[in-house]
Amino acid sequence: MNIFDCLDELQAELFEKSYEEMEAKYYELCSITVKGNAAERIHNISLDTFQTQIKSSLQEAVRIVNEQSAKAIYFEYDMDSGWESTFFICDGYSSLIEEDDDWASDWIDEIEGPSNKEFAQIYQENGFDATEKAKAITLFLIVRTLVAFGTVAKSMKLNVPLCIGFHDQDPIMRIKE
């Protein structure tokens, strides 16, 4: 399993599947790949506070987008730094088809987002993709982050593209184009 191929597949699933289907698929993948209770441990982490904090920061990002006539919002989280996140308000945007995410590096404002110490701890225990176990765990953590973010975004009125990615991810995932 190549984790980057899985990320490409995840992008397609964001437009084709429900969040519940995505989470169930990667829960099962993690359960099958990893012995023990890793999938259950990740699944049982409450994301209520994380989502409340995402919503608060995203509302502020939308306000800035409207004031500045910005073109996109990019949510980035850093797996290596406590799952800390930032919302970047971007003055440009390129669609997924254009295969150019340089626009996300050219932001006009930023807003601090939440962190997720429990995800970060599990990630640090296993790493990114050195083993099949690490890949399965990383993918499930990414999917839970996507689902938490996407669920909040779905509850809000957004008039600009909305993207998400972990620090240095390429390509960035589109939640809304």
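Let us look at the structure shown here.

Definitions and limits used
- Residues numbered from 1 in each chain as written.
- Predicted model: local features only at pLDDT ≥ 70, side-chain atom pairs only at ≥ 80, totals over all residues.
- Heavy atoms only, no water.
- Helix = DSSP H or I, 4+ residues; strand = E, 2+ residues; numbered from the N terminus.
- Rg over C-alpha atoms; globule rule 2.2 N^0.38 Å.
- Buried < 20%, exposed > 50% of the residue type's maximum accessible area, 1.4 Å probe, protein only.
- Contact = heavy atoms within 4.5 Å.
- Pairing = 2+ DSSP bridges.

**Points about the overall build of the protein**
From N to C terminus, the protein includes six helices and five strands. Over its C-alpha trace the protein gives a radius of gyration of 16 Å, about what one expects of a compact globule, namely 16 Å for 177 residues. Seen through its principal axes, the protein has C-alpha atoms that stretch 50 × 35 × 30 Å. Expressed as a percentage of the 177 residues in the protein, the buried residues total 51%. Put simply, of all contacts in the protein between residues at least 6 apart along the chain, 67% involve residues at least 24 apart.

**With respect to the pairing of strand S2 (residues 84-90)**
The element S2 is largely enclosed, with a buried count of six among its seven residues. The sheet contact formed by strand S1 (residues 72-78) and S2 spans seven bridges and is antiparallel. If you follow Phe75 over to S2, its bridge partner there is Phe87. Between the end of S1 and the start of S2, which pair antiparallel, lie five residues, with Gly82 showing a positive phi angle near 70°. Two elements, S2 and strand S3 (residues 107-112), share five bridges in a ladder whose sense is antiparallel. Across the sheet, Phe87 pairs through a bridge with Ile111, a residue of S3.

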